[in-house]
Amino acid sequence: MLNNIPSQYLIIGSSVMAVLMGTFVMFIRMRAQKKPVNARKIIIPPIAMSTGALMFIFEEFRVAPLQIVEAAAIGLIFSTVLIATSKFEVRQGAIFLKRSKAFFFILIGLLILRIILKLIFSNSLDIGELGGMFWILAFAMIVPWRIAMLWQFKKLEKTLDV
């Protein structure tokens, strides 16, 4: 399926899509900071993203066990940065995500790093494998981040009930 498309076009296309998705995430995050947070809004993104695992049904997206461990480890490392910049505050009797200027720079930095890693590894890995590894990396980054956010949210929510 992907063999008919030259790899440089796939790399360029997926990099452009990553930039567009990163911009979309920043826009959504800015809008979300204006509305109160609830547990559902924290939990839905990783659940929605989990459907991407269906890509592994297809042979070209499957990765070796060591590559799974490597991608997941990098995702976990990246998640610590997101966890550190995601804080909540109580305003008007509701819980809001606190605005963090650092978050946007971190998101842009992660996006740039992702594109650089893609360019480096595209010479040694098949584009499908690379896509699978980056999905694992992103999922391993978002799940701990959202769990930490949910934990912080629930902790703060208990103080509102008292």
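1. Overview of the overall build of the protein
- Counting its secondary structure elements, the protein contains 5 helices and 2 strands.
- The order of helices and strands in the protein, counted from the N terminus, is α-α-α-β-β-α-α.
- Principal-axis analysis of the C-alpha atoms places the extent of the protein at approximately 60 × 25 × 25 Å.
- Here the protein holds 162 residues, and 36% of them are scored as buried.
- The contacts of the protein with a sequence gap of at least 6 include a subset with a gap of at least 24, amounting to 85%.
- Considering the protein, the positive charge centre built from 18 side chains and the negative charge centre built from 8 side chains are found 16 Å apart.

2. A look at unusual backbone geometry
- Within the chain, Gln 92 stands out as a residue other than glycine whose phi angle is a positive 55°.
- By the secondary structure assignment, Gln 92 is in the loop between strand E1 (88-91) and strand E2 (94-97).

3. So, the nonpolar core
- If you look at the biggest cluster of nonpolar residues, it comprises 35 residues, and the most contacted ones within it are Leu 82, Phe 88 and Phe 153.
- Elements that contribute at least two residues to this core include exactly helix H1 (7-32), helix H2 (39-50), helix H3 (65-85), E2, helix H4 (101-121) and helix H5 (127-161).
- The element contributing the most residues to this core is H5, with 12 residues.
- Excluding anything up to four places from it in sequence, Phe 153 contacts Val 37, Asn 38, Ala 39, Ile 42, Phe 88 and Ile 95.

4. Observations concerning the environment of Glu 89
- In this fold, Glu 89 is placed in strand E1.
- What makes Glu 89 partly exposed here is its relative accessible area of 24%.
- Sequence-distant contacts of Glu 89, that is, excluding residues within four places in its chain, are made with Ala 94, Ile 95, Phe 96, Lys 98 and Leu 156.
- Here the side chain of Glu 89 touches Arg 91 through a polar contact of 3.4 Å, side chain to side chain.

5. Remarks on the environment of Leu 156
- Residue position: Leu 156 is located in helix H5.
- Remark: the alpha-carbon pair of Leu 156 and Phe 88, spanning 68 residues in sequence, is separated by 7.9 Å.
- In contact with Leu 156, other than residues within four places in its own chain, are Phe 88, Glu 89, Val 90 and Ile 95.

6. A few points about the packing of aromatic side chains
- Overall, the coordinates contain 3 aromatic pairs when judged by the stated rule.
- Here Phe 88 and Phe 153 contribute two aromatic rings whose centre-to-centre distance is 6.1 Å and whose plane-to-plane angle is 65°, an arrangement assigned as edge-to-face. One end of the pair, Phe 88, is in strand E1; the other, Phe 153, is in helix H5, with 65 residues separating them in the sequence. Accessibility classification places Phe 88 together with Phe 153 in one group, the buried group.
- Look at Trp 135 and Phe 139: their rings are 4.9 Å apart centre to centre, the planes differ by 10°, and that puts the pair in the stacked class. Residue Trp 135 and its partner Phe 139 are located together in helix H5, separated by 4 residues, close to a single helical turn.
- Look at Trp 135 and you get buried, because its relative accessible area is 14%.
- Exposure remark for Phe 139: the relative accessible area of 24% places this residue in the partly exposed category.
- Here the aromatic residues Phe 56, Trp 135 and Phe 139 are joined through ring pairs into a cluster of three or more.

7. Digging into the packing of H3 against H4
- Two elements in contact, H3 and H4, have axes whose closest approach is 9 Å; the angle formed by their N-to-C orientations is 165°. Here H3 is positioned roughly antiparallel relative to H4, judged by the angle of their axes. Between H3 and H4 lies a crossing whose hand is left-handed. Every residue of H4 that contacts H3 at Phe 78, Val 81, Leu 82 and Thr 85 is listed here: Ala 102, Phe 103, Ile 106, Leu 110 and Leu 113.

Cut-offs and rules
- Residues numbered from 1 in each chain as written.
- Predicted model: local features only at pLDDT ≥ 70, side-chain atom pairs only at ≥ 80, totals over all residues.
- Heavy atoms only, no water.
- Helix = DSSP H or I, 4+ residues; strand = E, 2+ residues; numbered from the N terminus.
- Buried < 20%, exposed > 50% of the residue type's maximum accessible area, 1.4 Å probe, protein only.
- Contact = heavy atoms within 4.5 Å.
- Lys, Arg positive; Asp, Glu negative; His and termini not counted.
- Charge placed at Lys NZ, Arg CZ, Asp CG, Glu CD.
- Core = buried A, V, L, I, M, F, W, Y, C linked by side-chain atoms within 4.5 Å.
- Polar contact = N/O pair within 3.5 Å; in protein donor to acceptor, adjacent residues only side chain to side chain.
- Phe/Tyr/Trp six-rings, centres within 6.5 Å; stacked < 30°, edge-to-face > 60°.
- Axes fitted to C-alpha atoms, helices over the stretch in contact; angles between N-to-C directions.
- Parallel < 35°, antiparallel > 145°, perpendicular 65-115°, else oblique.
- Left-handed = near helix turned anticlockwise from the far one by under 90°.

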